[in-house]
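Reading the structure
Listed below, chain by chain, are the residues.
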Amino acid sequence: MEKEYIKNEAKLSEQLARFTHFVKHMDGYPGFISFRDSRGFLGREEDYKSRIAEKTREALKYGSWKESWIGTGKIAICARNAVSKCGNLINKHKQIELKNNLDINHPDYKPEAERVLFDIYCNQSCEERVAFENAIKVFGASYPVIAFWFFVKDDVRFLPVSPERFDKSFISLDIEHKTSHQCEWENYQDFIGIISDIREVMEDMLPMQGTPRLIDAHSFVWIIQEDKYVNWEPDSEQSVQIEQLTEDYIRSVVSGNGGRRRSVSNVFKRSAKVVKQTLKMAHGICKLCNQPAPFNDKNGKPYLEVHHIEWLSRGGKDSTENTAALCPNCHARMHVIDDTSDVNKLRETIVLS
(Lines give C-alpha, C1' and ligand atoms only; values in the text may rest on other atoms or scores of the structure.)
Protein backbone atom coordinates (compact mmCIF):
# COMPACT_ATOMS: atom_id res chain seq x y z
CA MET A 1 0.00 0.00 0.00
CA GLU A 2 1.41 3.38 -1.02
CA LYS A 3 1.93 6.02 1.63
CA GLU A 4 -0.31 9.06 1.66
CA TYR A 5 2.16 11.90 1.92
CA ILE A 6 -0.09 14.89 1.18
CA LYS A 7 -2.94 15.07 3.68
CA ASN A 8 -4.11 18.61 2.90
CA GLU A 9 -4.26 18.91 -0.87
CA ALA A 10 -6.57 21.91 -0.61
CA LYS A 11 -3.73 23.80 1.08
CA LEU A 12 -1.24 22.56 -1.52
CA SER A 13 -3.46 23.58 -4.44
CA GLU A 14 -3.99 27.02 -2.89
CA GLN A 15 -0.23 27.48 -2.55
CA LEU A 16 0.30 26.34 -6.15
CA ALA A 17 -2.31 28.84 -7.33
CA ARG A 18 -0.55 31.59 -5.37
CA PHE A 19 2.81 30.39 -6.73
CA THR A 20 1.50 30.68 -10.30
CA HIS A 21 0.56 34.32 -9.86
CA PHE A 22 3.74 35.06 -7.91
CA VAL A 23 5.89 33.79 -10.78
CA LYS A 24 3.88 35.78 -13.32
CA HIS A 25 4.32 38.83 -11.08
CA MET A 26 8.09 38.31 -10.94
CA ASP A 27 8.29 37.79 -14.70
CA GLY A 28 6.07 40.77 -15.41
CA TYR A 29 3.88 39.01 -17.94
CA PRO A 30 1.11 36.35 -18.00
CA GLY A 31 1.22 33.02 -19.79
CA PHE A 32 3.08 29.77 -19.24
CA ILE A 33 5.70 29.50 -16.54
CA SER A 34 8.95 27.62 -17.02
CA PHE A 35 11.78 26.41 -14.80
CA ARG A 36 14.06 26.04 -17.81
CA ASP A 37 13.70 29.38 -19.59
CA SER A 38 16.74 31.42 -18.53
CA ARG A 39 14.88 34.63 -19.34
CA GLY A 40 12.24 33.98 -16.69
CA PHE A 41 12.35 34.22 -12.89
CA LEU A 42 12.34 30.45 -12.31
CA GLY A 43 14.98 29.80 -14.94
CA ARG A 44 17.26 32.44 -13.45
CA GLU A 45 16.70 31.50 -9.83
CA GLU A 46 16.28 27.73 -9.84
CA ASP A 47 17.51 26.00 -13.01
CA TYR A 48 21.04 25.54 -11.72
CA LYS A 49 20.78 22.44 -9.53
CA SER A 50 20.75 19.94 -12.38
CA ARG A 51 23.69 21.78 -13.94
CA ILE A 52 25.54 21.41 -10.64
CA ALA A 53 24.85 17.66 -10.71
CA GLU A 54 26.12 17.44 -14.28
CA LYS A 55 29.33 19.42 -13.59
CA THR A 56 29.96 17.40 -10.45
CA ARG A 57 29.61 14.12 -12.37
CA GLU A 58 32.12 15.41 -14.89
CA ALA A 59 34.55 16.25 -12.08
CA LEU A 60 34.06 12.88 -10.38
CA LYS A 61 34.83 10.92 -13.57
CA TYR A 62 33.48 7.85 -11.79
CA GLY A 63 33.03 6.03 -15.08
CA SER A 64 36.77 5.41 -15.04
CA TRP A 65 37.02 4.31 -11.40
CA LYS A 66 38.38 0.86 -10.62
CA GLU A 67 37.86 -1.05 -7.39
CA SER A 68 41.65 -1.39 -7.15
CA TRP A 69 41.79 2.40 -6.68
CA ILE A 70 40.21 2.11 -3.24
CA GLY A 71 42.84 3.06 -0.68
CA THR A 72 45.14 4.75 -3.18
CA GLY A 73 43.70 8.26 -2.86
CA LYS A 74 42.73 8.45 -6.55
CA ILE A 75 38.98 8.38 -5.86
CA ALA A 76 39.43 10.92 -3.07
CA ILE A 77 41.16 13.34 -5.45
CA CYS A 78 38.25 13.10 -7.90
CA ALA A 79 35.76 13.61 -5.06
CA ARG A 80 37.62 16.68 -3.72
CA ASN A 81 37.46 18.26 -7.17
CA ALA A 82 33.75 17.43 -7.33
CA VAL A 83 32.98 19.11 -3.99
CA SER A 84 34.23 22.37 -5.50
CA LYS A 85 31.32 22.19 -7.96
CA CYS A 86 28.54 21.78 -5.38
CA GLY A 87 27.56 25.47 -5.23
CA ASN A 88 25.04 26.26 -2.50
CA LEU A 89 23.85 22.65 -2.15
CA ILE A 90 26.39 22.28 0.68
CA ASN A 91 27.32 25.23 2.87
CA LYS A 92 30.90 26.52 2.93
CA HIS A 93 31.72 25.11 6.36
CA LYS A 94 30.59 21.62 5.36
CA GLN A 95 32.47 21.89 2.05
CA ILE A 96 35.74 22.53 3.92
CA GLU A 97 35.04 19.65 6.31
CA LEU A 98 34.20 17.33 3.41
CA LYS A 99 37.37 18.27 1.50
CA ASN A 100 39.42 17.53 4.61
CA ASN A 101 37.76 14.11 4.83
CA LEU A 102 38.94 13.50 1.26
CA ASP A 103 42.49 14.87 1.66
CA ILE A 104 44.95 12.03 2.21
CA ASN A 105 47.40 14.49 3.79
CA HIS A 106 44.91 15.97 6.26
CA PRO A 107 44.44 14.70 9.86
CA ASP A 108 40.66 14.43 9.23
CA TYR A 109 41.12 12.20 6.19
CA LYS A 110 38.60 9.34 6.06
CA PRO A 111 40.19 6.37 4.28
CA GLU A 112 36.80 4.59 4.24
CA ALA A 113 35.40 7.38 2.05
CA GLU A 114 36.75 5.83 -1.15
CA ARG A 115 34.92 2.55 -0.52
CA VAL A 116 31.68 4.42 0.26
CA LEU A 117 31.88 6.56 -2.89
CA PHE A 118 32.79 3.58 -5.05
CA ASP A 119 29.74 1.72 -3.71
CA ILE A 120 27.46 4.68 -4.41
CA TYR A 121 28.57 5.22 -7.99
CA CYS A 122 30.07 1.98 -9.26
CA ASN A 123 29.08 -1.04 -7.17
CA GLN A 124 25.80 -2.30 -8.58
CA SER A 125 25.75 -5.17 -6.08
CA CYS A 126 25.58 -2.71 -3.17
CA GLU A 127 22.02 -1.70 -2.29
CA GLU A 128 21.43 2.05 -2.28
CA ARG A 129 20.05 1.85 1.25
CA VAL A 130 23.29 0.24 2.44
CA ALA A 131 25.42 2.76 0.55
CA PHE A 132 23.41 5.60 2.11
CA GLU A 133 23.84 4.22 5.64
CA ASN A 134 27.56 3.63 5.09
CA ALA A 135 27.96 7.18 3.83
CA ILE A 136 26.47 8.43 7.12
CA LYS A 137 29.01 6.36 9.08
CA VAL A 138 31.88 7.97 7.18
CA PHE A 139 30.72 11.55 6.53
CA GLY A 140 28.38 11.93 9.49
CA ALA A 141 24.59 12.42 9.56
CA SER A 142 24.72 15.58 7.45
CA TYR A 143 21.65 15.48 5.21
CA PRO A 144 22.97 18.05 2.70
CA VAL A 145 26.21 16.08 2.23
CA ILE A 146 24.71 12.58 1.95
CA ALA A 147 21.82 13.70 -0.26
CA PHE A 148 24.28 15.60 -2.47
CA TRP A 149 26.23 12.44 -3.34
CA PHE A 150 23.01 10.66 -4.34
CA PHE A 151 21.63 13.65 -6.26
CA VAL A 152 24.85 13.73 -8.28
CA LYS A 153 24.48 10.02 -8.97
CA ASP A 154 20.97 10.46 -10.41
CA ASP A 155 19.31 13.89 -10.46
CA VAL A 156 16.10 12.38 -11.83
CA ARG A 157 15.45 10.04 -8.90
CA PHE A 158 17.24 11.82 -6.04
CA LEU A 159 17.17 15.33 -4.58
CA PRO A 160 19.36 17.63 -2.49
CA VAL A 161 18.10 18.42 1.02
CA SER A 162 18.29 21.55 3.14
CA PRO A 163 16.52 20.38 6.31
CA GLU A 164 15.62 23.66 8.03
CA ARG A 165 14.35 25.22 4.81
CA PHE A 166 12.20 22.30 3.76
CA ASP A 167 10.83 21.67 7.24
CA LYS A 168 9.60 25.28 7.22
CA SER A 169 7.87 24.81 3.86
CA PHE A 170 6.30 21.51 4.91
CA ILE A 171 4.75 23.25 7.91
CA SER A 172 3.18 25.86 5.61
CA LEU A 173 1.73 23.02 3.49
CA ASP A 174 0.44 21.08 6.53
CA ILE A 175 2.79 18.22 5.66
CA GLU A 176 3.86 16.24 8.71
CA HIS A 177 7.42 15.40 7.79
CA LYS A 178 10.64 16.54 9.43
CA THR A 179 14.13 16.22 7.95
CA SER A 180 16.14 18.09 10.60
CA HIS A 181 18.25 15.60 12.58
CA GLN A 182 16.55 12.78 10.66
CA CYS A 183 19.24 11.79 8.14
CA GLU A 184 18.35 8.19 7.31
CA TRP A 185 17.34 6.27 4.19
CA GLU A 186 13.66 5.83 5.11
CA ASN A 187 13.28 9.53 5.86
CA TYR A 188 14.99 10.40 2.57
CA GLN A 189 12.64 8.14 0.62
CA ASP A 190 9.64 9.76 2.30
CA PHE A 191 11.05 13.20 1.46
CA ILE A 192 11.34 12.22 -2.20
CA GLY A 193 7.84 10.71 -2.07
CA ILE A 194 6.41 14.00 -0.83
CA ILE A 195 8.12 16.01 -3.56
CA SER A 196 6.99 13.45 -6.14
CA ASP A 197 3.35 13.82 -5.06
CA ILE A 198 3.67 17.60 -5.25
CA ARG A 199 5.11 17.24 -8.76
CA GLU A 200 1.99 15.32 -9.83
CA VAL A 201 -0.32 18.09 -8.65
CA MET A 202 1.92 20.66 -10.36
CA GLU A 203 1.64 18.74 -13.61
CA ASP A 204 -2.14 18.88 -13.45
CA MET A 205 -2.59 22.36 -12.11
CA LEU A 206 0.09 24.76 -13.27
CA PRO A 207 0.13 26.44 -16.69
CA MET A 208 3.63 25.13 -17.31
CA GLN A 209 5.78 25.01 -20.39
CA GLY A 210 6.96 21.41 -20.44
CA THR A 211 6.42 18.59 -17.96
CA PRO A 212 7.59 19.46 -14.45
CA ARG A 213 10.58 17.48 -13.18
CA LEU A 214 11.09 16.25 -9.66
CA ILE A 215 13.67 19.00 -9.17
CA ASP A 216 11.04 21.57 -10.27
CA ALA A 217 8.73 20.48 -7.46
CA HIS A 218 11.75 20.69 -5.17
CA SER A 219 12.23 24.30 -6.31
CA PHE A 220 8.57 25.14 -5.64
CA VAL A 221 8.87 23.89 -2.07
CA TRP A 222 12.10 25.87 -1.67
CA ILE A 223 10.63 29.13 -3.00
CA ILE A 224 7.51 29.20 -0.81
CA GLN A 225 9.61 29.65 2.34
CA GLU A 226 11.62 32.57 0.94
CA ASP A 227 10.86 36.08 2.20
CA LYS A 228 10.15 37.45 -1.26
CA TYR A 229 7.35 34.88 -1.66
CA VAL A 230 6.01 35.02 1.89
CA ASN A 231 5.92 38.83 1.89
CA TRP A 232 4.35 39.15 -1.56
CA GLU A 233 0.78 40.44 -1.40
CA PRO A 234 -1.39 39.63 -4.43
CA ASP A 235 -3.67 42.42 -5.57
CA SER A 236 -7.45 42.04 -5.35
CA GLU A 237 -7.84 40.57 -8.83
CA GLN A 238 -5.02 38.07 -8.27
CA SER A 239 -6.47 37.14 -4.89
CA VAL A 240 -9.84 36.24 -6.41
CA GLN A 241 -8.14 34.31 -9.21
CA ILE A 242 -6.03 32.35 -6.70
CA GLU A 243 -9.08 31.28 -4.73
CA GLN A 244 -11.05 30.47 -7.88
CA LEU A 245 -8.18 28.45 -9.40
CA THR A 246 -7.98 26.42 -6.18
CA GLU A 247 -11.70 25.72 -6.19
CA ASP A 248 -11.77 24.92 -9.92
CA TYR A 249 -8.93 22.43 -9.54
CA ILE A 250 -10.63 20.63 -6.67
CA ARG A 251 -13.84 20.43 -8.67
CA SER A 252 -12.08 19.21 -11.82
CA VAL A 253 -10.29 16.39 -10.01
CA VAL A 254 -13.41 15.16 -8.23
CA SER A 255 -15.47 15.33 -11.42
CA GLY A 256 -12.90 13.15 -13.21
CA ASN A 257 -11.50 15.92 -15.38
CA GLY A 258 -8.37 16.49 -13.33
CA GLY A 259 -5.82 15.39 -15.89
CA ARG A 260 -3.23 12.77 -15.04
CA ARG A 261 -4.15 12.07 -11.43
CA ARG A 262 -5.46 8.52 -11.14
CA SER A 263 -7.11 8.73 -7.77
CA VAL A 264 -8.95 11.24 -5.64
CA SER A 265 -7.77 11.65 -2.06
CA ASN A 266 -10.10 11.90 0.91
CA VAL A 267 -9.06 15.54 1.25
CA PHE A 268 -10.26 16.39 -2.25
CA LYS A 269 -13.50 14.50 -1.65
CA ARG A 270 -14.01 16.52 1.51
CA SER A 271 -13.18 19.80 -0.29
CA ALA A 272 -15.65 19.01 -3.07
CA LYS A 273 -18.27 18.15 -0.45
CA VAL A 274 -17.66 21.53 1.21
CA VAL A 275 -18.17 23.35 -2.10
CA LYS A 276 -21.31 21.35 -2.91
CA GLN A 277 -22.83 21.80 0.55
CA THR A 278 -22.04 25.53 0.67
CA LEU A 279 -23.72 26.14 -2.68
CA LYS A 280 -26.69 23.97 -1.70
CA MET A 281 -27.28 25.91 1.53
CA ALA A 282 -27.22 29.23 -0.37
CA HIS A 283 -30.30 28.32 -2.47
CA GLY A 284 -29.00 30.55 -5.26
CA ILE A 285 -28.79 33.67 -3.03
CA CYS A 286 -25.57 35.57 -2.39
CA LYS A 287 -24.79 35.53 1.34
CA LEU A 288 -23.41 39.08 1.31
CA CYS A 289 -25.79 41.17 -0.82
CA ASN A 290 -28.77 38.80 -0.41
CA GLN A 291 -29.50 39.02 -4.14
CA PRO A 292 -30.13 36.08 -6.52
CA ALA A 293 -27.19 34.80 -8.56
CA PRO A 294 -26.68 37.10 -11.58
CA PHE A 295 -26.96 34.22 -14.08
CA ASN A 296 -27.15 30.44 -14.39
CA ASP A 297 -24.23 28.20 -15.32
CA LYS A 298 -24.24 25.89 -18.36
CA ASN A 299 -26.13 23.30 -16.32
CA GLY A 300 -28.88 25.77 -15.52
CA LYS A 301 -27.87 26.19 -11.88
CA PRO A 302 -27.49 29.62 -10.23
CA TYR A 303 -23.85 30.69 -10.54
CA LEU A 304 -22.23 31.56 -7.22
CA GLU A 305 -18.62 31.30 -6.10
CA VAL A 306 -17.47 29.71 -2.86
CA HIS A 307 -15.45 32.07 -0.68
CA HIS A 308 -13.38 31.10 2.37
CA ILE A 309 -14.32 33.67 5.03
CA GLU A 310 -10.92 33.29 6.62
CA TRP A 311 -8.71 32.76 3.58
CA LEU A 312 -6.79 29.53 3.24
CA SER A 313 -3.61 31.57 2.84
CA ARG A 314 -4.30 33.05 6.29
CA GLY A 315 -4.80 29.68 7.90
CA GLY A 316 -8.54 29.34 7.35
CA LYS A 317 -10.14 25.90 7.39
CA ASP A 318 -11.63 24.22 4.34
CA SER A 319 -15.05 23.66 5.94
CA THR A 320 -18.69 24.67 5.53
CA GLU A 321 -18.34 26.74 8.72
CA ASN A 322 -15.70 28.86 6.97
CA THR A 323 -17.24 29.21 3.51
CA ALA A 324 -19.99 31.29 1.97
CA ALA A 325 -21.55 31.34 -1.50
CA LEU A 326 -21.16 34.76 -3.11
CA CYS A 327 -22.01 36.38 -6.42
CA PRO A 328 -18.92 37.32 -8.48
CA ASN A 329 -19.19 41.00 -7.53
CA CYS A 330 -19.34 40.31 -3.80
CA HIS A 331 -16.56 37.76 -4.10
CA ALA A 332 -14.38 40.43 -5.68
CA ARG A 333 -15.48 42.92 -3.00
CA MET A 334 -14.29 40.59 -0.22
CA HIS A 335 -10.80 40.56 -1.72
CA VAL A 336 -10.63 44.18 -2.88
CA ILE A 337 -11.91 45.83 0.30
CA ASP A 338 -11.39 43.02 2.84
CA ASP A 339 -13.76 44.86 5.17
CA THR A 340 -14.08 43.51 8.71
CA SER A 341 -17.81 44.30 8.80
CA ASP A 342 -18.36 42.18 5.66
CA VAL A 343 -16.39 39.34 7.23
CA ASN A 344 -18.45 39.55 10.43
CA LYS A 345 -21.69 39.63 8.45
CA LEU A 346 -20.73 36.42 6.64
CA ARG A 347 -19.79 34.75 9.91
CA GLU A 348 -23.14 35.72 11.44
CA THR A 349 -24.98 34.51 8.34
CA ILE A 350 -23.25 31.13 8.52
CA VAL A 351 -24.10 30.77 12.22
CA LEU A 352 -27.78 31.55 11.58
CA SER A 353 -28.12 29.30 8.53
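A quick note: this is a predicted structure, and the numbers were derived from the prediction, not measured. (Residues numbered from 1 in each chain as written. Predicted model: local features only at pLDDT ≥ 70, side-chain atom pairs only at ≥ 80, totals over all residues. Heavy atoms only, no water.)

Here's the deal with the overall build of the protein
Looking only at helices and strands, the protein has 16 helices and two strands in total. Expressed as lengths along the three principal axes of its C-alpha atoms, the size of the protein is roughly 80 × 45 × 30 Å. In the protein, which comprises 353 residues, the share counted as buried stands at 52%. Carbon and sulfur atoms make up 48% of the accessible area of the protein, which amounts to about 17700 Å² in all. In the protein, the 49 positive side-chain charges and the 52 negative ones have mean positions that sit 2 Å from each other. (Helix = DSSP H or I, 4+ residues; strand = E, 2+ residues; numbered from the N terminus. Buried < 20%, exposed > 50% of the residue type's maximum accessible area, 1.4 Å probe, protein only. Areas by Shrake-Rupley, 256 points an atom, 1.4 Å probe, with all protein chains shown as cover. Lys, Arg positive; Asp, Glu negative; His and termini not counted. Charge placed at Lys NZ, Arg CZ, Asp CG, Glu CD.)

Looking at the confidence of the model for the protein
Of the residues in the protein, 92% have a pLDDT of 70 or more, and the chain-wide mean is 89. Counting contacts from residues 260-265, a segment whose pLDDT is below 50, to residues more than four positions away or on other chains yields twelve contacts. (pLDDT = per-residue confidence, 0-100. Contact = heavy atoms within 4.5 Å.)

Observations concerning the environment of M205
Here M205 lies in helix α10 (residues 185-205). A relative accessible area of 8% means that M205 is categorised as buried. For the pair formed by M205 and A17, sequence separation is 188 residues and the distance between their alpha carbons is 8.1 Å. Apart from the residues lying within four places of it in its own chain, the contact partners of M205 are S13, L16, A17, L245, T246 and Y249.

Considerations on the packing of helix α3 (residues 49-60) against helix α8 (residues 143-153)
Direction vectors running N to C along α3 and α8 enclose 85 degrees, while the axes themselves pass 8 Å from each other. Comparing the axis directions of α3 and α8 gives the class roughly perpendicular. In contact with K49, S50, I52, A53, T56, R57 and L60 of α3, α8 contributes F148, W149, F151 and V152. Residue composition of the contact of α3 with α8, grouped by class: seven nonpolar, two polar and two charged. (Axes fitted to C-alpha atoms, helices over the stretch in contact; angles between N-to-C directions. Parallel < 35°, antiparallel > 145°, perpendicular 65-115°, else oblique. Nonpolar A, V, L, I, M, F, W, Y, C, P; charged D, E, K, R; others polar.)

Here we look at the pairing of strand β2 (residues 323-326)
Side chains of β2 alternate between two faces, with T323 and A325 and A324 and L326 buried alike. For strand β1 (residues 305-308) and β2, the ladder comprises four bridges, and the chain directions are antiparallel. In the sheet register, H308 faces β2, and the bridge partner there is T323. (Pairing = 2+ DSSP bridges.)

A short note on the nonpolar core
Counting 84 residues, the largest nonpolar core has F19, L102, F139, W149, Y188 and I198 as the members making the most contacts within it. Here this core takes ten residues from α10, the largest share from any one element. What I198 contacts, discounting residues up to four positions off in sequence, is I6, L12, L173, I175, A217, F220 and V221. Judged by nonpolar contacts, the second largest core, of 15 residues, contains L288, L326, M334 and I350. (Core = buried A, V, L, I, M, F, W, Y, C linked by side-chain atoms within 4.5 Å.)

Observations regarding the packing of aromatic side chains
Taken as a whole, this structure holds 24 aromatic pairs when the rule is applied. On the basis of an interplanar angle of 25 degrees and a centroid distance of 5.4 Å, the ring pair of F132 and Y188 is categorised as stacked. Of this pair, F132 sits in helix α7 (residues 128-139) while Y188 sits in helix α10, and the two are 56 residues apart along the sequence. Each member of the pair F132 and Y188 is classed as buried. Ring-pair connections join several aromatic residues into one group, and the members of that group are F132, Y143, F150, F158, W185 and Y188. The lysine or arginine in question, R18, covers the ring of Y229, its NZ or CZ lying 4.7 Å from the ring centre. (Phe/Tyr/Trp six-rings, centres within 6.5 Å; stacked < 30°, edge-to-face > 60°. Lys NZ or Arg CZ within 6 Å of the ring centre and 35° of its normal.)

A word on the pattern of salt bridges
Under the criterion given, the structure shown has 18 salt bridges. The salt bridge involving R213 is made with D47; its shortest N-O contact spans 3.3 Å. One end of the pair, R213, is in the loop between α10 and α11 (214-223); the other, D47, is in the loop between α2 (41-46) and α3, and 166 residues separate them in sequence. Between E128 and R157 there is a salt bridge, with the nearest N and O atoms lying 2.6 Å from each other. Highlighted residues: E128 in helix α7 and R157 in the loop between α8 and α9 (163-172), separated in sequence by 29 residues. By relative accessible area, which is 40% here, R157 ends up partly exposed. Each of R36, D47, R51, R213 and D216 takes part in salt bridges that share partners, so that together they form one network. (Salt bridge = Lys/Arg side-chain N within 4 Å of Asp/Glu carboxyl O.)

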